[in-house]
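Residue-level listing of the chains:
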Amino acid sequence: MRVTSPRTSAARTRSVSIASEIDEQTRLGEVYISSLMRSQLRLALTVLLVLAATLGLLPLVLTAVPGISDIDVVGVPLPWVLLTVVAFAEIIALGWFYVRQSERNEDDFSDLLEGR
């Protein structure tokens, strides 16, 4: 007695990698690339929105609270400290976050290309 698979006579399909789909600029390759671009754009807009919300609202806070300019931190008025030290720290932190998340998006995309 012999057992055979019903698919033995079926035509074998060749497997096409995602990288070749992108290289050949097929519709599927365009979908993968546009997905990566959308995730990078979403990340950039999120970081920009956080930066604009915090640094953009800072002048409003400084004008809304008139007594804040009378506060000194180590002999420096608090508004100057907020506009320099805190703002630069936020910009550096957001830059670090952006680079880290952007690299993670690209690593996920590379893993997808390699079939992991």
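Residues numbered from 1 in each chain as written. Predicted model: local features only at pLDDT ≥ 70, side-chain atom pairs only at ≥ 80, totals over all residues. Heavy atoms only, no water.

So, about the overall build of the protein chain. The helix and strand tally for the protein chain stands at 3 helices and 2 strands. For the protein chain, the N- to C-terminal ordering of α and β elements is α-α-β-β-α. Here the protein chain holds 116 residues, and the buried ones make up 19% of them. Within the protein chain, residue pairs in contact and separated by at least 24 positions form 65% of the contacts whose partners lie at least 6 positions apart. (Helix = DSSP H or I, 4+ residues; strand = E, 2+ residues; numbered from the N terminus. Buried < 20%, exposed > 50% of the residue type's maximum accessible area, 1.4 Å probe, protein only. Contact = heavy atoms within 4.5 Å.)

Turning our attention to unusual backbone geometry. For V74, which is not a glycine, the phi torsion comes out positive at approximately 55°. Tracing the sequence through the fold places V74 in the loop between β1 (72–73) and β2 (76–77).

It is worth spelling out a nonpolar patch on the surface at this point. Together, L57, L60, V61 and V65 give the surface a local cluster of nonpolar side chains, amounting to about 340 Å² of exposed area. Along the polypeptide, L57 turns up in helix α2 (residues 27–64). (Patch = residues over 30% accessible without salt bridge, like charges linked within 9 Å, V, L, I, M, F, W, Y side chains within 5 Å. Areas by Shrake-Rupley, 256 points an atom, 1.4 Å probe, with all protein chains shown as cover. Salt bridge = Lys/Arg side-chain N within 4 Å of Asp/Glu carboxyl O.)

Glancing now at helix α3 (residues 78–114). An ideal rise of 1.5 Å per residue puts 54 Å on 37 residues; α3 measures up with 52 Å between its terminal C-alpha atoms. Approximately 30° is the largest bend angle found in α3, and it occurs at A87. Among the residues of α3, L78, P79, V81, A87, E90, L94, Q101, S102 and F109 are the ones counted as buried. Of the residues flanking the end of α3, it is G115, one or two places downstream, whose phi is positive at about 80°. (Expected span 1.5 Å × (residues − 1). Bend = angle between axes of the 7 residues up to and from the residue.)

Residue-level pLDDT values for the protein chain average 82, and 77% of them are 70 or greater. For the protein chain, helix α1 (residues 18–23) is the element with the lowest average pLDDT, namely 61, and α3 is the one with the highest, namely 90. (pLDDT = per-residue confidence, 0-100.)

A surface patch of negative charge is lined by E103, E106, D107 and D108. Within the element layout of this structure, E103 appears in helix α3. Residue classification places E103 among the partly exposed residues on the basis of a relative accessible area of 46%. (Lys, Arg positive; Asp, Glu negative; His and termini not counted. Charge placed at Lys NZ, Arg CZ, Asp CG, Glu CD.)

Moving on: the environment of S102. You can call S102 buried: its relative accessible area is 10%. Between the C-alpha atom of S102 and that of A44, which follows or precedes it by 58 residues, the distance is 8.8 Å. Excluding residues within four positions of it along the chain, S102 makes contact with Q40 and L43. Only 3.0 Å separates the side chain of S102 from the side chain of Q40, close enough to count as a polar contact. (Polar contact = N/O pair within 3.5 Å; in protein donor to acceptor, adjacent residues only side chain to side chain.)

Its location among the elements puts E90 in helix α3. As a buried residue without a salt bridge, E90 has its nearest oppositely charged side chain in R100, at a separation of 17 Å. The residues touching E90, leaving out its near neighbours within four places in the chain, are V50, L51, T54 and L55.

Attention now moves to the environment of T54. Here T54 is to be found in helix α2. Assessed through its relative accessible area of 39%, T54 is described here as partly exposed. For the pair T54 and A87, spaced 33 residues apart in sequence, the C-alpha to C-alpha distance is 8.8 Å. Among the polar contacts listed, one links the side chain of T54 to the backbone oxygen of V50, at a separation of 2.9 Å. Within the structure, the side chain of T54 is placed 2.3 Å from the side chain of E90, a separation counted as a polar contact.

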